[in-house]
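Understanding the architecture of this molecule
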Amino acid sequence: MELSAALERYYETYNGERPEINELYSQFRYTELKGLDYNNHDGTIIRRDPTKVIFADGVFHVWYTCRKSAKPQNGCNNCDIWHATSKDGFTWEEQGVAVSRPVQPLPGWFSVLTPDILEWEGKYYLYYQAFGDESGKHKQSPVMVSTADAPDGPWTSHNEIIVPRGAEGEWDHHCIHDPYLLVYRDKIHLYYKCDFGGTSHADFIRMHGLATADNPLGPFVKHPLNPIMNSGHETTLFPFKEGIAAFAIADGNERSTIQYAEDGVNFNIAATVALIPHAAGPFVPDAFTNADYGRGITWGLSFTYPRENIKSRMLVRFDCDLSLDVDDPKMKARPGMHDAEYLFGHGLNEEQRRERLRQGER
Ligand code: AAL
């Protein structure tokens, strides 16, 4: 029987006939972390962009962009990469700086941020954006790496660019953001995001690319099909069944979706979700095991801003059920309505209201 486009998609694209049984659909639940101080969110301490969480030596580890300053500051300038550990994923103990800014003119002198972690042959590799320019503009941001024998460091910077920006005119000319590492099909996979096409944060087009390598220090070879995701902001991916699942966060026509690529390259929408975690750094037990059948994720860290200070940033925990080993129907249930207070909290602003009242008068 001939199928409409919608029916074709219904059978071919989704992992189940209803979201409730779609393995790549989940709600997201959030919890405030214990143990990390923010000076009452006065803007003198920000933490954001967590790596994926790993488990080593009996504890969970995470690294993240952090800035501690005498006066409140906005944006991602003057940041270093910090490290925290936890026994239960809810209470975290900050261990201090893992990687600090190198001296000018080395890439990263302006800020080192948005790290991710790779474990490879018993060593640890932190990859991060190396800003040499002012945050908020088209930043000159290639990827750098530091290495250590243990998660607690000490970290040694390789001080060379590991993934360079594309040439002028190429889609990834302006920056390589959000490096994200997985070991898949015998190769190190480094997914990344690039901003292009616009002039400011508000009108950039954002897409994701892939570079692969046999060695953590490279050479990383960019995939000929790049960009391989047309939407999303920060990169969050995990091995799932034979392929790779990815969050498309915040930007693009396919934002707020979870996507799946059976080959780690050709992504399709697998589910549309609400409250997707920003810069999600999940705990991915099989991130580096070269698994031929990925098991998925149930929690991780993410970041947002505190109600007291829209310009500040803080880490939070998210939970979900995107795992083949867990079945939590509460995470799969149809989301309820929002109450009126929540809806009115998303009301028109004064200008929009005046404009609509004027239209009503005509
Ligand atoms: C983030 C990431 C990158 C950008 C900025 C800090 O959320 O996409 O890291 O540079 O915003």
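Every value quoted in this text rests on a predicted model; they were computed, and no experiment measured them.

Rules of the game
- Residues numbered from 1 in each chain as written.
- Predicted model: local features only at pLDDT ≥ 70, side-chain atom pairs only at ≥ 80, totals over all residues.
- Heavy atoms only, no water.
- Patch = residues over 30% accessible without salt bridge, like charges linked within 9 Å, V, L, I, M, F, W, Y side chains within 5 Å.
- Areas by Shrake-Rupley, 256 points an atom, 1.4 Å probe, with all protein chains shown as cover.
- Salt bridge = Lys/Arg side-chain N within 4 Å of Asp/Glu carboxyl O.
- Helix = DSSP H or I, 4+ residues; strand = E, 2+ residues; numbered from the N terminus.
- Core = buried A, V, L, I, M, F, W, Y, C linked by side-chain atoms within 4.5 Å.
- Buried < 20%, exposed > 50% of the residue type's maximum accessible area, 1.4 Å probe, protein only.
- Near = heavy atom within 4 Å.
- Polar contact = N/O pair within 3.5 Å; in protein donor to acceptor, adjacent residues only side chain to side chain.
- Nonpolar A, V, L, I, M, F, W, Y, C, P; charged D, E, K, R; others polar.
- Pairing = 2+ DSSP bridges.
- Expected span 1.5 Å × (residues − 1).

The next thing to look at is a nonpolar patch on the surface. Together, Met1, Leu3, Leu7, Tyr10 and Tyr11 line one region of the surface with nonpolar side chains, adding up to about 560 Å² of accessible area. Tracing the backbone through its elements, the reader meets Tyr11 in helix α1 (residues 5-12).

A word on the nonpolar core. Counting 73 residues, the largest nonpolar core has Tyr127 and Phe247 as its most contacted members. Counting 20 residues, the second largest nonpolar core, distinct from the first, contains Val53, Leu301, Met314 and Val316.

As a matter of local geometry, the ligand sits amid 13 residues, with Thr114, Asp178, Lys193, His233 and Glu234 nearest to it. Contacts to the ligand include His177, whose side-chain N or O atom sits 3.4 Å from an oxygen atom. A distance of 2.9 Å separates an oxygen atom of the ligand from a polar side-chain atom of Lys193. Computed on the free molecule, the ligand has an accessible area of 270 Å², of which 94% lies beneath the protein chains in the complex. Here the residues of the shell around the ligand sort into three nonpolar, four polar and six charged.

The next thing to look at is the pairing of strand β4 (residues 59-68). Consecutive side chains of a regular strand alternate in pointing toward one face of the sheet and then the other. Counting buried positions along β4 yields nine of ten residues, so the element is predominantly enclosed. Pairing of strand β2 (residues 45-48) with β4 involves four bridges; the strand directions are antiparallel. Across the sheet, Ile46 pairs through a bridge with Arg67, a residue of β4. Note: β4 against strand β5 (residues 80-86), seven bridges, orientation antiparallel. Pairing of Tyr64 across the sheet is with Trp82, part of β5.

In this section: helix α4 (residues 350-361). For α4, spanning twelve residues, the distance from its first C-alpha to its last is 17 Å, which sits close to the expected 16 Å at 1.5 Å a residue. For α4, the capping residue at the N-terminal end is Asn349, with a side-chain oxygen 3.1 Å from the backbone nitrogen of Glu351.

With that out of the way, let us pick up the sheet that holds strand β12 (residues 187-196). Strand order in the open sheet formed by four strands is β11-β12-β13-β14, and the pairing between neighbours is antiparallel. The open sheet has two free edges, formed respectively by β11 (177-184) and β14 (221-222), since each of these has just one partner strand.

With that settled, consider the pattern of salt bridges. Between side chains of opposite charge, a pair can form as their charged atoms come close. For the structure shown, the criterion picks out 17 salt bridges. Residue Arg48 pairs with Asp49 through a salt bridge whose shortest N-O separation is 2.7 Å. There is no split in this pair, since Arg48 and Asp49 are both buried. The network of salt bridges with shared partners includes Asp178, Lys193, Asp195, Arg206 and Asp251.

That is the geometry; function is a separate question.
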